[in-house]
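# Examining the three-dimensional arrangement
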Amino acid sequence: MQSTATIVIGGQYGDEGKGKIISYLALNENPDVIARGGGGPNAGHSVEHEGKKYKIRLIPSGFINKNAKLVIGAGVFIDPEVFLQEVKDFGLDKRCLIDKRATLLEQKYKDEDGASENSKKIGTTKSGMGPTAAARAMRVAKFVQEDERLKEYLCDCVQMVNSAKNLLVEGSQGFMLSNLYGTYPYCTSKDVSAPSICAEIGIGPLKVKSVIMVVKAYTTRVGNGPFAGEVSVEEAEKVGMQEYGTVTGRPRRTNPSLIWEELKLSAQVNSASCIALTKLDVKFPSCAGKRKFDELPEDAKAFVKEVEERVGVPVGLIGTGADAKDIIDRREEIGI
Ligand code: GTP
Ligand code: IMP
Ligand code: MG
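### A closer look at the environment of Gly123
Mapped onto the secondary structure, Gly123 falls in the loop between helix 4 (117-122) and helix 5 (129-137). Here the alpha-carbon distance between Gly123 and Gly223, two residues 100 residues apart in the chain, equals 4.4 Å. The contact partners of Gly123, leaving out residues within four places of it in the chain, are Gly223, Asn224 and Arg250.

As structure tokens, then:
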């Protein structure tokens, strides 16, 4: 069997910049199929390409590659309103399909998520994820096939991903939000690590060629729950790290450093082959726009080395700006 899949997952609390890394890979590695696994409309990815900024919740962030087929796996919860709006906004027509076995995220689940005291305690995105997961576990959820509007978009994702020559797989959320390994109960409703993402789109472990773990050069979290090293909004603003949520617009909580123990665990469970270190230019502003490792200032190079040593995984990609092309790709140079 040929290993054809590159998997991209988040190593922290989501919002690591997966959208940007995926769009870079989509434009540069010539995937014939790009598949989305993980979560559902709770995800929020930002992609900047050729001066345009896109905010995406359900369709694969790699859509800016116009030749690749786009598909959403059986494990992703589908909110028809969100899906159809994105298809329209991004002019995708029938280019983005959904596995026929995917679960329908109904309005009543959104209402429940919005009104529940427990959802408030957790600080969910209110997009209906938890109630949909519960309904699926109870075997009362509906399939996407039961929504007339989605009928023309359905496919067999398993056949598509297994026959792809070069498959790019997109995870969502981040490892520390995993229902299994994250900060339970302050987490999302599913496991979001690479093994689960594979199951959600329908490939087995032997199909995996590499796993890229996206890590932002500092740590952010939205929603409630434990968060080591948190600083105030004012302090985060001072160092240029204050961010706001893509889906909910909430201010993100900030730790200006990395949480090494969590990253090590994430690297293990995801079997990360390399790290994509994003927003190095936010931590070290003189890195902005650099496209070669040698052009980085010494303190930034030392930080990259520290990440590699402490997490035990090489840093293959480095983000130095917002655009999909603002990246240092040193995978070949370091032999990965
Ligand atoms: P994911 O959910 O992991 O996809 O991240 P996100 O897209 O939710 O993160 P966010 O909404 O914070 O958006 C990230 C923003 O930062 C986007 O506008 C990206 O283009 C931009 N970005 C991504 N990587 C880098 C980087 O390395 N440097 C800079 N300056 N900006 C980046
Ligand atoms: P839910 O997934 O909407 O149930 O939210 C559960 C927790 O996960 C909350 O703390 C959310 O803020 C967080 N969460 C869910 N999806 C994302 C994401 O894509 N980025 C960041 N946090 C997320
Ligand atoms: Mg996000």
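From this point, things continue past the structure.
### Comments concerning helix 5
Given 3.6 residues per turn, any residue in an α-helix points the same way as the ones three and four places further on. For helix 5, the complete set of buried residues consists of Met129, Pro131, Thr132, Ala133 and Ala135. Those residues of helix 5 hidden inside the fold are in contact with strand 6 (77-78), strand 8 (103-104) and helix 3 (107-115). Arg139 sits one or two positions beyond helix 5 and adopts a positive phi of about 65°.

### Points about the coordination of the magnesium ion (ligand 3)
The coordination sphere of the magnesium ion (ligand 3) contains the protein donors Asp15 (OD) and Gly44 (O), at a distance range of 2.0 Å. With Asp15 in the loop between strand 1 (5-10) and helix 1 (18-28) and Gly44 in the loop between strand 2 (33-36) and strand 3 (45-49), this residue pair connects regions lying 29 residues apart in the sequence. For Gly44, a relative accessible area of 14% gives the class buried.

### Brief notes about the packing of aromatic side chains
Scanning the model with the defined rule gives seven aromatic pairs in all. Taking the centre distance of 5.2 Å and the plane angle of 85° together, the rings of Phe83 and Tyr153 count as edge-to-face. Taken together, the positions of Phe83 in helix 2 (residues 80-89) and Tyr153 in the loop between helix 5 and strand 9 (154-155) put the pair 70 residues apart, joining distant regions of the chain. By relative accessible area, which is 0% here, Phe83 ends up buried. Members of the aromatic cluster, each reached through a chain of ring pairs, are Tyr54, Phe63 and Phe90. It is Lys283 that lies over the ring of Phe303; its NZ or CZ is 5.0 Å from the centre. The ring of Phe293 has Arg330 lying over it, and the distance from NZ or CZ to the ring centre is 4.0 Å.

### Thoughts on the site of ligand 1
Around ligand 1 there are 21 residues in total, and Gly44, His45, Ser46, Thr246 and Arg252 lie nearest to it. In the model, an oxygen atom of ligand 1 is placed 3.0 Å from a nitrogen or oxygen of the Gly17 main chain. Taking Lys279, its main chain carries an N or O atom lying 2.7 Å from an oxygen atom of ligand 1. For ligand 1, whose free accessible area comes to 650 Å², the fraction covered by protein is 91%. Breaking the shell around ligand 1 down by element, the ones donating at least two residues are helix 1 and strand 3. Counted by class, the shell around ligand 1 contains one nonpolar, 10 polar and 10 charged residues.

### Some words on the nonpolar core
The biggest cluster of nonpolar side chains holds 46 residues, and the ones touching the most others in it are Leu167, Ile203, Ile275, Leu277, Leu280, Val307 and Val311. Among the elements that take part in this core, helix 11 (residues 298-311) stands out by supplying five residues, more than any other. Filtering out sequence-adjacent residues up to four positions away, Val311 remains in contact with Met213, Trp260, Leu263, Lys264, Ala267 and Ile275. In terms of nonpolar packing, the next biggest core, distinct from the first, is built from 38 residues, Ile21, Ala102, Val144 and Leu150 among them.

Rules of the game
All residue numbers refer to position in the chain's written sequence, counted from 1. Written order decides the labels, with chains lettered from A and ligands numbered from 1. Per-residue local features of the predicted model are confined to residues with pLDDT of at least 70, and side-chain atom pairs are confined, for both listing and counting, to 80 or more; whole-chain, interface and lining totals are unaffected and use all residues. Calculation of side-chain values draws on the structure's entire complement of heavy atoms; hydrogens and water are dropped beforehand. Only DSSP runs of H or I with at least four residues qualify as helices, and only runs of E with at least two residues qualify as strands; both kinds are numbered from the N terminus onward. In what follows, residue pairs with any heavy atoms lying within 4.5 Å of each other are defined as contacts. To sort residues, take the accessible area from a 1.4 Å probe on protein chains only and compare it with the maximum for the residue type: under 20% means buried, over 50% means exposed, and anything in between is partly exposed. Think of the donor list as every N, O and S atom within 2.8 Å of the metal, or within 3.2 Å for Na, K and Ca; water never makes the list, so a site can look incomplete. The pairing test for Phe, Tyr and Trp rings, Trp by its six-membered ring, is centres within 6.5 Å, and the orientation test on the planes gives stacked under 30 degrees, edge-to-face over 60, and tilted for anything in between. Only lysine NZ and arginine CZ atoms are considered, and such an atom sits over a ring when it is within 6 Å of the ring centre and within 35 degrees of the ring normal. Put simply, a residue is near a molecule or strand once any heavy atom of it comes within 4 Å of that molecule or strand. What qualifies as a polar contact is a pair of N or O atoms within 3.5 Å, subject to a donor-acceptor requirement within protein and to the restriction that residues adjacent in sequence count only when both atoms come from side chains. Surface exposure here means Shrake-Rupley accessible area, sampled with a 1.4 Å probe, where a residue is shielded only by the protein chains that are shown. Charged residues are taken to be Asp, Glu, Lys and Arg, nonpolar residues to be Ala, Val, Leu, Ile, Met, Phe, Trp, Tyr, Cys and Pro, and polar residues to be all remaining types, Gly included. We call a set of buried residues a nonpolar core when its members are Ala, Val, Leu, Ile, Met, Phe, Trp, Tyr or Cys and they connect through side-chain atoms within 4.5 Å of each other.

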